[in-house]
Amino acid sequence: FFFLPVHTSHAMIALLFVVALLSPHTCVKKTKRRHAFINLSETQTVQQRCIVADNLKMAANKNDVQPFDWTKNNDLITKRTVKLTKPMGIILEEVDETNCQSGVIIKDIDPMGNAAAASRKGDADICIRDKVLAVNNEDVEFKTFENIMDLIVSSEGSDISVTLGRSPGSVALRWPNGVGVAAQPGEHFCDLALLAKFRISYSCTSGGCGTCEQSIISEKTNQRYVRPCVSRVPKGADFLTVEP
């Protein structure tokens, strides 16, 4: 009577183990491949933890504007090709976990990686949330994660050509660390700073003291100042650059 649950549990564990071995496309496998491609330790550095500590309190309960959903609308407002050096310093993620042929988007950009360095120099327009459309001129818009990773890893030479698509109505928000985010109008600057791993110091958190104030430049207007604790991404801009 007392041993039946134990034997039953062992049997279930054994069954789950066999199922896992027979499933080549598990999330674990994809995660390992995805993180293996970015030259950044999975363990947060002290600096990254400080960034989270400073920004998290401002980002809480402010996610009322949702990023563009590639699974519902695949129209692209811009397409451009960038040349990057391997290791690129980016993390890719499937657009739709339930559809392996939905393509991939840029999930994260390492501020210390080659993609961010190219962005800081003005050599590459690349943002978190961009969709990968082609690798070395080969169409991968609806290829699987594994197909795209194989193309990138097996490409000859140190440089690789990547064609990217950006969602309609988005604003390319470039931070001083070289990380860009395809932001939607109305998103809070504090949320996007956290996503880009850019550290901002806050004090009053109500827009009064100016501790968090940042200088930004757009392609249409001169320099202006925003306070990320309360400011949102404006409409009508294609590019915004946060000055160092």
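Residues numbered from 1 in each chain as written. Predicted model: local features only at pLDDT ≥ 70, side-chain atom pairs only at ≥ 80, totals over all residues. Heavy atoms only, no water.

Peer 1: What am I meant to see in the pairing of strand β9 (residues 214–218) here?
Peer 2: Sheet faces and side chains relate simply in a regular strand, where the side chains alternate between the two faces. Most of β9 is tucked away: four of the five residues are buried. Here β9 pairs with strand β10 (residues 224–226) via three bridges, running antiparallel. Bridging across to β10, Ser 215 finds its partner in Tyr 225. Where β9 meets strand β11 (residues 239–242), three bridges bridge the pair, whose relative direction is antiparallel. Within β11, the residue paired with Ile 216 across the bridge is Val 242. (Buried < 20%, exposed > 50% of the residue type's maximum accessible area, 1.4 Å probe, protein only. Helix = DSSP H or I, 4+ residues; strand = E, 2+ residues; numbered from the N terminus. Pairing = 2+ DSSP bridges.)

Peer 1: For this particular structure, what's the right way to read helix α5 (residues 145–154)?
Peer 2: Think of an α-helix as turning once every 3.6 residues; residues three or four places apart then point the same way. Listed in full, the buried residues belonging to α5 are Phe 145, Glu 146, Ile 148, Met 149 and Ile 152. The buried residues of α5 all sit within an arc of 160° when viewed along its axis, so they share a single face. (Arc of directions from axis to C-beta.)

Peer 1: Help me understand unusual backbone geometry in this model?
Peer 2: As a rule of thumb, non-glycine residues mostly have phi less than zero, and peptide bonds are mostly trans rather than cis. Cis geometry is adopted by the peptide bond preceding Pro 87, which originates at Lys 86 and carries an omega value of -5°. Tracing the backbone through its elements, the reader meets Pro 87 in the loop between β1 (78–85) and β2 (90–94). Even without being glycine, Lys 197 reaches a positive phi, approximately 60°. For Lys 197, a relative accessible area of 19% translates into the label buried. If you check the backbone angles, Thr 205 has positive phi at about 60° while not being a glycine. As for its placement among the helices and strands, Thr 205 is situated in the loop between α6 (189–195) and β9. Under the relative-accessibility criterion, Thr 205 is labelled partly exposed at 32%.

Peer 1: Looking at this structure, how should I read the environment of Ala 182?
Peer 2: Within the secondary structure, Ala 182 sits in strand β8 (residues 180–183). C-alpha of Ala 182 to C-alpha of Ser 167: the two residues are 15 residues apart in sequence and 7.7 Å apart in space. When near neighbours in sequence (up to four residues on either side) are disregarded, Ala 182 contacts Cys 127, Ile 128, Arg 129, Asp 130, Arg 166, Ser 170 and Val 171. (Contact = heavy atoms within 4.5 Å.)

Peer 1: Quick question: what am I supposed to make of the sheet that holds β9 here?
Peer 2: Within a beta sheet, neighbouring strands are joined by backbone hydrogen bonds and run either parallel or antiparallel to one another. Strands sit in the order β8-β7-β11-β9-β10 across an open sheet of five strands; the sheet is mixed. Of all strands in the sheet, those with a lone pairing partner are β8 and β10, marking the two edges. The mean angle between the axes of side-by-side strands here comes to 30°, regardless of whether they run parallel or antiparallel. Relative to β11, strand β7 (residues 171–174) is paired through three bridges, and the arrangement is parallel. Bridging from a neighbouring strand, Arg 174 pairs with Thr 241 of β11. (Axes fitted to C-alpha atoms, helices over the stretch in contact; angles between N-to-C directions.)

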